[in-house]
Amino acid sequence: MVVIRRSVTAALSRHHSSPLALLLNSLLLLLLLSLPFSLSYPDGEATTTATTTTSSSSLPDQDDWINHSFLKQLELSGSVSSSVLTVQISPSSSSSSPTQDSFSPYYFTLPSTEAEAVSWAKAILKSSSQREVLQVESHGPLKQDASTHLFSVRIPKSSIPSASASSPLTLILETTLNHLSYPLPSTVKQNGEMFLQWTGDAAIRSPYRTEKGRVKVKCPHPKILSFHPDASQGATKSGSTITFGSYEDVAPYTPGSEVKTGSVHYQHVLPVISMVELDRLVEISHWGDNMATEDKIWLRNDGAKLKGHFSRIDHQMATFYSKANSHVLSTLAIHLPPGSKEAYFTDSIGNVSTSHFRPSPSAPYSLTVPSNLLPPSRVSVLEIQPRFPVLGGWNYTFTIGWNNRLGEGGWGKSLGSNEYLVAVPFLTPVTDVAMDQVRTKIVLPEGATDIQFEVPFEMDSISTETHTTYLDTKGRPSIVLSKSQCSEKHGSLIYVRYTLTPSAHLRKPIAITAISIGLLLSAALLLRFDVKIR
Amino acid sequence: MSKREAAPPPPPPSSSSSSGGGPIASIGSWLSEPKNNRNVLSFLRTIIIILLWGAAISSRLFAVIRYESVIHEFDPFFNYRATRVLAKDGFYRFWNWFDPTAWYPLGRAAGGTAYPGLMVTSGIIHNFLHSINIPIDIRNVCVLLAPAFSGLTAWATYMFTKSMKDDAAGLLAAAFIGIAPGYISRSVAGSYDNEAIAIFLLMMTFYLWIKALKDGSALWGAMTALFYFYMVAAWGGYVFITNMIPLHALVLILMGRFSTRLYVSYSSFYALGTLASMQVPFVGFQPVRTSEHMAALGVFGLLQLVAFVELVRSHVPSNQFKLLLRGFVVLIAASAFAALVALTYGGYIAPWTGRFYSLWDTGYAKKYIPIIASVSEHQPPAWPAFFFDLEMLVFLFPAGVFILFRELRDEHVFVVIYAVMASYFAGVMVRLMLTLTPVVCVSAAIAVSTLLETYLDPKEPLTAEQSAEDVVASEALDSNGAKPSTKLKKTKIIVHSGDSSDEEKENASEPVSFDNPKSGIFGLDSRAFVSIYTLLLLLVFVLHCTFVTSTAYSSPSVVLASRNPDGSQHIIDDFREAYYWLRENTPVDAKVMSWWDYGYQIAGMSDRPTLVDNNTWNNTHIATVGKAMSTNEEKALPILRKHDVDYVLVMFGGLLGYSGDDINKFLWMIRIAQGVWPDEIKEADYFTSQGQYKIDDSASKAMKESLMYKMSYHRFNDLFGGRQGMDRVRGTPGPSVSPKLDILDEAFTSENWIVRIYKVKKEDPLGRDLFSANAFEAGKKRKRIVSNSPSSSGTGKAKKARKAN
């Protein structure tokens, strides 16, 4: 029996960027863990997830809202870019469609290239007094125009000021975009420099009238080869940031209308890494007070492909003169959660000896913070060095694993009356690494029943199966979650609550003892049995 | 004489006085009850055997602890790969497994050309463990199979030796075989080869044979046949059993020890064993069609004849008839032999294989089959190897054989023959040290246990006076009184030779049994000296075995270790680095050419097709690779193209000082290629005019132009800032100008340059040949040989123009 309750703890993991929020989160988690479980279900809490509806849709009424200002800040990177779209809105005076609904929808339009790259989205509604997280819904491409995708948030009527009020609402749409840029040229020599190109909207795309707006594109490195539209067409470059606009009084977007396409060709000095597949297995053991995690990872350097062949001597010389080939992946530091220990790093032909592991003590108060955002002194750092340097276009598949103390580390807690709660990270976030396909399997102790769990964001598929391992008699219940297009934002916790009776605890020792005694007795009997023919 | 007789006889020493008083005495009295004694002894025996098992396993785990659970060396990688196929796809798939990636483009019917015993054993263990939900990885089953079976070997050796002498000798033999380096060398964790289980099967078959022979039991004969079948399925060395047991039977017949016990046990063993062995696909009809197996058949026939003669003799009293029968036997035997020779010449029975000939003529392999000679384990051992692998056992071994010779029961004859044969074979091939080790352990254990029994026996012999009295008494009884008393005075020690048997008529007058108080050791000092010395010897043996195992036999050879300046271990993992790169970043069907040594490793770790591998069944194919490696680029390119080679892999140890690299093996490649193309490849061309094998600037032209040389030293000088590089293996400078490659591109080189992988260049898109295309790139003049190429380049025209001027 599996009851799935989603969309609860997402609220716990929001605003994790500020230290204050971190503290708040920790307190909240402690509160959660110390209270009876049922109390921690605040109903109707909003989530940050972009729920998807696949059917194509049509544009809303353009007169509902007015954008007073529109600022799109795009932060480009290797494989995971991010965008922050800030709009100041107020309901249009002409819109007077009285609906019974207590919510009023606001729509965003994104170009299809960008919409398909969205791996994570979050909307924040800010007014002068409050700050609220809204759920982002995706409606897919427009019926009339497949190049534009529609997203919406539902703004509660209560927070909408009257049309006459002077202070407009601020709506922020944060998105994380996987594989937004691509290498140009697509092949580069081993010691050459790598450039990426971004192509997208350089102007404003909104279904509502916009009074003024700008598009800012921030590059990771100040060396920018070219940008379009260029300086003569109104774009400005300062440092590593390109600003397109500002634009004033922009008409609402209608299907077929042209939005100026822009592009930025910039240098990237780090390897563009993506995990094509990440297969995680988490085993919960009450006997060992242990949570064992194992990640099978297929890693690929998605940067410009290597032109010609790899030359060891050139690589060695570059390393020697410390002008290491920037887009070659030689080492990768993975921040494991605090308290991780006994880490290993293997691949299909054995142990890889070139790795370093710096363990750190457990920190139950910071579980909800993704480990890549914790300071390095607080996390256990597993610095892996692949067997060979991973050049552009090369693959490397490997396995890493580690253990965490279940109780001491704060990952699991007894709720009394044989009920337990465990928190399992969906994945280990690594900064600027896109994870294309993630599958996480959580294996609970043998004999666990009444399993309920909740996921912090929408999954592609959720299933349960039986996992049979070490001397199990009837197998362990397990939950399999999978999701495509993940990034560092998806390292949040999955909470699983289950019942485990003492008899289930003792099932295995009793079974093993009984079988051993049986074997010994039958051996003793057989030895004393004379089969000789005399 | 008169003085001694006058002296009063001292009271005979009692055993109870020497065993001390108090609780020990009470335990002693409790033990002396036969029932308690038996239970305690059997309990102790079980404990000791379990402890020996533990010792045997733990002494083989150095490699796992020091490195990791990894498959060692070369051949085990094929076995491991085959086992993976078996564990994944099941037995039938394995049985019919055709491996298209090996021996490209020929392929290999791997299921039918391998001894399946090892893989099936691991497959069964793996499946059993999985059926009780122990999710062990198949690799760990493979890695730990050899240590686990070494424990079983210890037990089988215990049973074997026990049937030769007694429990004590058996336990000693088990201890010896458990830790003897001669056996450990082939059974450390990770050494997943046929020998890992074969030695257990060998000892088990021999033990069962002895048991069947002793009892004359068809049941045990059938059990022998069963284990013989297992052995045939597991290792090519089964031929040793196929010839040892008939030889034993033959010697027994010649010694006049034919008995119905021999007849029953041998007939049941041979009939069942031969039929069973023919079920192994790789063996097939060999037991009736090759010379190696004819001895067993001959002895089987001879036994039938002898049995028939014996039968007739027991019924027909006439002397003439006996003579006739004897003539009949000789005639049949002679005609059978003649038929064998005729069939061999007629081609129905294969003559001995080359490997077999090389056992008799040590120079044979080098002359006719260089592939066999090129393997280091097929060389004759240096004499310190015996001491290195067996330590003190080597000098206890003859003593043990001697002790067995004195008694010479039927089973002792077996050990004596085994000792002689195995000693010879071990002297011919290093590898066969393995078959020598068990018999050395058995013999040495018998010697040591005899020695200790003699010196630890609490009973003191009668003094000379008493014995003289005894002699007088016996003289009185015995009419032909010799003078053993004088003998006794000189020899303080009289070696015990088991229970006195009736056969040793000449020994009957001499005291051999401990029950006879005349034999034994006087005094505590001589006992203590010899016992302590023997214990020290045993202790040093343990130390030696541990030392040898740890230093010599526990390196996986896939992973190398060195020390950092601070003393910590530094792992050199170049092989796996390069193999894994091949696996991850080349097309799945990319063909890799390398010398055959690395074939199994490439197939196992990189999962890519190879041209040749360690299953050296096709000499011509290997010679082709040898030729491609040893000729110049122009001749090598057509070979590479014809075999669809995408990558060429070479080992180069010059940077690190890794001596097992391809330049050191290069002479064998040349020799093997020369064997097939004597006109094109000549070994002498690769030596300097002074006859030296050199790699620096004074190397011969053929050497410098060879593909192997060019691949090894390609861009080597760049490591030294463009100056002449220093080759640390050869201890000489490399070439002063780095060789240029026209047909290959460097694709990957491992961190320490041990593995270098080159990619064969694609055809030039403009249709030029690769040499002129390269020359054009480099801005050089074009070579003459391609002067009428259709796509003549600018340089060619310029050259012609210059010529015209």
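What counts, and at which threshold
Residues numbered from 1 in each chain as written. Chains lettered and ligands numbered in written order. Predicted model: local features only at pLDDT ≥ 70, side-chain atom pairs only at ≥ 80, totals over all residues. Domains from an automatic or database assignment. Contact = placed C-beta atoms within 7 Å. Helix = DSSP H or I, 4+ residues; strand = E, 2+ residues; numbered from the N terminus. Nonpolar A, V, L, I, M, F, W, Y, C, P; charged D, E, K, R; others polar. Buried ≥ 20, exposed ≤ 12 C-beta atoms within 10 Å, placed from the backbone. Pairing = 2+ DSSP bridges. Axes fitted to C-alpha atoms, helices over the stretch in contact; angles between N-to-C directions. pLDDT = per-residue confidence, 0-100. Expected span 1.5 Å × (residues − 1).

1. Side note on the domain arrangement of chain A
All names here are of chain A.
Point 1. According to the domain assignment, chain A consists of domain 1 (2-45 + 272-508) and domain 2 (50-267).
Point 2. Tallying the contact residues gives 30 residues for domain 1 and 20 residues for domain 2.
Point 3. Breaking the side of domain 1 that touches domain 2 down by element, the ones donating at least two residues are strand S19 (273-285), strand S21 (305-306), helix H3 (312-320), strand S30 (433-443) and strand S33 (476-486).
Point 4. For the side of domain 1 that touches domain 2, the class distribution of residues is ten nonpolar, eleven polar and nine charged.

2. Points about the environment of A:Arg205
Residues and elements named next belong to chain A.
Point 1. Among the secondary structure elements, arginine 205 is positioned in the loop between strand S13 (195-201) and strand S14 (209-218).
Point 2. The exposure class of arginine 205 is buried, given the 24 C-beta atoms found within 10 Å.
Point 3. Sequence-wise, arginine 205 and valine 259 are 54 residues apart; in three dimensions their C-alpha atoms are separated by 6.7 Å.
Point 4. Arginine 205 has contacts with Thr109, Pro111, Thr148, Tyr253 and Val259, leaving out every residue within four places of it along the chain.

3. Some remarks on the sheet that holds strand S3 (residues 591-593) of chain B
Residue and element names in this part refer to chain B.
Point 1. One open sheet holds the four strands; their spatial order is S3-S4-S8-S7, and the pairing between them is mixed. Strands with a single pairing partner mark the edges of an open sheet, and in this sheet they are S3 and strand S7 (744-749). On average, each strand axis in the sheet is inclined to that of its neighbour by 30°, with strand direction left out of account.
Point 2. As judged from the three bridges shared by S3 and strand S4 (residues 645-651), these two strands associate in the parallel manner. Looking at the pairing, lysine 591 lines up with valine 645 of S4.

4. Remarks on the sheet that holds S19(A)
Point 1. With respect to topology, eight strands assemble into an open sheet ordered S24-S23-S27-S20-S19-S30-S33-S32 (chain A), the strand pairing being mixed. In this open sheet, the two strands that pair with only one neighbour each are strand S24 (350-351) and strand S32 (461-467) of chain A.
Point 2. Direction of pairing for S19(A) relative to strand S20 (residues 290-301) of chain A: antiparallel, over a ladder of twelve bridges. Residue pairing across strands places A:Val282 opposite A:Thr293, the latter belonging to S20(A).
Point 3. In this fold helix H29 (residues 574-585) of chain B packs onto strand S23 (341-347), S24 and strand S27 (395-405) of chain A, with an angle of close to 110° to the strand it touches most, S27(A).

5. Details of the interface of chain B and chain A
Point 1. Taken together, the contact between chain B and chain A spans 26 residues of the former and 21 residues of the latter.
Point 2. Only H29 and S7 of chain B provide two or more residues apiece to the side of chain B that touches chain A.
Point 3. Ranked by the residues each element gives to the side of chain B that touches chain A, the list is headed by H29(B), at seven residues.
Point 4. Taken together, the residues of the side of chain B that touches chain A sort by class into 13 nonpolar, three polar and ten charged.

6. Structural notes on the pairing of strand S2 (residues 569-572) of chain B
All names here are of chain B.
Point 1. With four bridges connecting them, strand S1 (residues 560-563) and S2 associate as antiparallel partners. Within S2, the residue paired with arginine 563 across the bridge is glutamine 569.
Point 2. Hairpin connection between S1 and S2: a loop of five residues separates the two successive antiparallel strands, and glycine 567 in this loop has a positive phi of roughly 90°.

7. Quick look at the confidence of the model for chain A
Point 1. Scored by pLDDT, chain A comes out at a mean of 82, with 85% of its residues at no less than 70.
Point 2. A low-confidence stretch, residues 1-50 of chain A (pLDDT under 50), is modelled with 71 contacts involving residues beyond four sequence positions or located in other chains.

8. Topic: the confidence of the model for chain B
Residue and element names in this part refer to chain B.
Point 1. With 85% of its residues at a pLDDT of 70 or more, chain B has an overall mean of 83.
Point 2. Taken together, the stretch residues 1-21 has pLDDT below 50 and engages in 17 contacts with residues farther than four places along the chain or on a different chain.
Point 3. Low confidence marks residues 478-515, where pLDDT is under 50. Its contacts with residues over four positions away, or in another chain, come to 45 contacts.
Point 4. Model confidence for the complex is summarised by a pTM of 0.83, with the ipTM given as 0.85.

9. Brief notes about helix H13 (residues 218-234) of chain B
Point 1. Over its 17 residues, H13(B) extends 24 Å from the first C-alpha to the last, a length consistent with the 24 Å expected when each residue adds 1.5 Å.
Point 2. Burial of H13(B) is extensive: 13 of the 17 residues sit out of reach of the surface.

10. As for unusual backbone geometry
Point 1. Following A:Leu184, the chain continues to A:Pro185 via a peptide bond in cis, the omega torsion being 0°.
Point 2. By secondary structure assignment, the location of A:Pro185 is in the loop between strand S11 (182-183) and strand S12 (187-188).
Point 3. Backbone geometry places A:Gln485, a non-glycine residue, at a positive phi of 55°.
Point 4. Summarising the element assignment, A:Gln485 is placed in strand S33.
Point 5. Judged by C-beta crowding, with 20 C-beta atoms within 10 Å, A:Gln485 ranks as buried.
Point 6. For B:Asp607, which is not glycine, the phi torsion reads 60° and is therefore positive.
Point 7. Here B:Asp607 is to be found in the loop between helix H30 (599-606) and helix H31 (619-630).
Point 8. Take B:Asp607: there are 15 C-beta atoms within 10 Å of it, and that puts it in the partly exposed class.

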